[in-house]
Amino acid sequence: MDGAPIWITEADVTATMALPDAISALERALAIEAGGGAANLPKTHLMVAANDAMHAIGAAVAGAGICGTKTWVNVGGKSQTVLVLFSLEDGRLRAVVEATALGQMRTAAMTGVGTARLAAKDARRLALIGTGKQALPNAAACAAVRDIEEIRVYSRRAGAREALAARIEDELGIRAAPAASVEAAVADAHIVTAITNATAPFLSARMLAPGAHVNAMGAIVPVRVEFAQDVFPRCGVIAVDTIDGVRALSAEFRERFGDDDAAWQAVRPISRLIAEDVRRPAGCDLTLFKAVGMGLSDLALGIEVLARAEAGGMGAPLPERVRVPPRLR
């Protein structure tokens, strides 16, 4: 616990942790949350343009003695994210983490956790909707927990979906092909993962095959929407990363459940599914997992990265902090 705080670079993050490690770290933290040993700081955001937003999230894990906050602004699809870790023992700064790669792994790891719990065991076909920076890690997360044999990729730009399909084959070794439409991508898919900035629903119940699992990972502010309301009635299990976060930020869920606390009882936090070892029910039509992002996800990975970086002598020491009183005149 002694020593100067460190700056952990993206290279340090990726050297210390791979996506399967991130999925395991996240599952452990979610189990701690279910037992009352971790808590989230409510996510907040500020729209700085029509579809650009500034975000802040945080969490504390008492058992690890660490709390932290992550902040970033997304402008035109570009951002530089930092995670700041503090000691719960004495309040001192432990580390500043360059967190773009960590954030990609966090989002993907959450997809992996939801897919591991709710997708059919024999799921083999994945439809991936969206080709942004989160798309490839999300495909990898599904492949980490299921034996994916085929991935169909859709986005509005043909060149982007063709390029991502080629990257999937090259980097993941899984057969992949661009799809000409959302409907073509999701037809007969066992898993559908949406990771977009869409502001109107593009995924409807009629497109989804019986037995499919849907990961809705992209619409993380109220101006964004990915799936239509007719998806909900077909779902045997509806799970989310955080009830409070989804109630505040998901337009799809807000329209469906509103302010009706009784109606929200149908929605289960993924931490509770882990604690109770809930899996996909036999004969279930659809399952749905929605994530808007929460501080515990990033903190879970940050704690693991910090421990590994310190053990490996990684990270650059930050300048010693010298307290100086404010100038009053």
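Bear in mind that the values here come from a model prediction, so they are computed numbers and not experimental data.

**Some points on unusual backbone geometry**
Residue Asp188 is not a glycine yet carries a positive backbone phi of 65°. Turning to its location among the elements, Asp188 is positioned in the loop between helix H6 (182-186) and strand S10 (191-194). For Asp277, which is not glycine, the phi dihedral falls at a positive 55°. On the secondary structure map, Asp277 appears in the loop between helix H9 (270-275) and strand S16 (286-290). For Asp277, a relative accessible area of 48% gives the class partly exposed.

**Some details on the environment of Ala101**
Within the secondary structure layout, Ala101 lies in helix H3 (residues 100-118). On the basis of relative accessible area, Ala101 is assigned to the buried category, the value being 14%. In contact with Ala101, not counting residues within four places along its chain, are Glu10 and Thr14.

**Some points on the packing of helix H2 (residues 19-34) against H3**
Viewed as axis vectors pointing N to C, H2 and H3 meet at an angle of 70°, and their least axial separation amounts to 8 Å. In terms of orientation, H2 lies roughly perpendicular with respect to H3. The two elements H2 and H3 cross, and the hand of that crossing is right-handed. Between H2 and H3, the contacting residues are Leu19, Ala22, Ile23, Leu26, Glu27 and Leu30 on the first element and Met105, Arg106, Ala108, Ala109, Met110, Gly112 and Val113 on the second. Residues belonging to the contact of H2 with H3 are distributed by class as follows: 10 nonpolar, 1 polar and 2 charged.

**Things to note about the pairing of S10**
With burial as the criterion, each face of S10 is covered, one bearing Ile191 and Thr193 and the other bearing Val192 and Ala194. Alignment of strand S7 (residues 125-129) against S10, held across 4 bridges, turns out to be parallel. The residue bridging Ala127 from the neighbouring strand is Val192, located in S10. Where S10 meets strand S12 (residues 213-216), 4 bridges bridge the pair, whose relative direction is parallel. Within S12, the position partnered with Val192 by the bridge is Val214.

**Quick word on the side chain of Ser204**
Looking at the secondary structure, you find Ser204 in the loop between strand S11 (199-203) and S12. Here Ser204 is in contact with Ala228, Asp230 and Val231, once residues within four sequence places are set aside.

**Considerations on the environment of Asp241**
Following the sequence through the fold, Asp241 ends up in the loop between strand S14 (235-240) and helix H7 (243-249). Along the primary structure Asp241 and Gly112 are separated by 129 residues, whereas in three dimensions their C-alpha atoms are 12 Å apart. Once residues within four sequence positions are removed from consideration, Asp241 is found in contact with Met110, Val246, Ile270, Phe289, Lys290, Ala291, Val292, Gly293 and Met294. There is a polar contact of 2.8 Å between the side chain of Asp241 and the backbone nitrogen of Gly293.

Quick notes on the rules
- Residues numbered from 1 in each chain as written.
- Predicted model: local features only at pLDDT ≥ 70, side-chain atom pairs only at ≥ 80, totals over all residues.
- Heavy atoms only, no water.
- Helix = DSSP H or I, 4+ residues; strand = E, 2+ residues; numbered from the N terminus.
- Buried < 20%, exposed > 50% of the residue type's maximum accessible area, 1.4 Å probe, protein only.
- Contact = heavy atoms within 4.5 Å.
- Axes fitted to C-alpha atoms, helices over the stretch in contact; angles between N-to-C directions.
- Parallel < 35°, antiparallel > 145°, perpendicular 65-115°, else oblique.
- Left-handed = near helix turned anticlockwise from the far one by under 90°.
- Nonpolar A, V, L, I, M, F, W, Y, C, P; charged D, E, K, R; others polar.
- Pairing = 2+ DSSP bridges.
- Polar contact = N/O pair within 3.5 Å; in protein donor to acceptor, adjacent residues only side chain to side chain.

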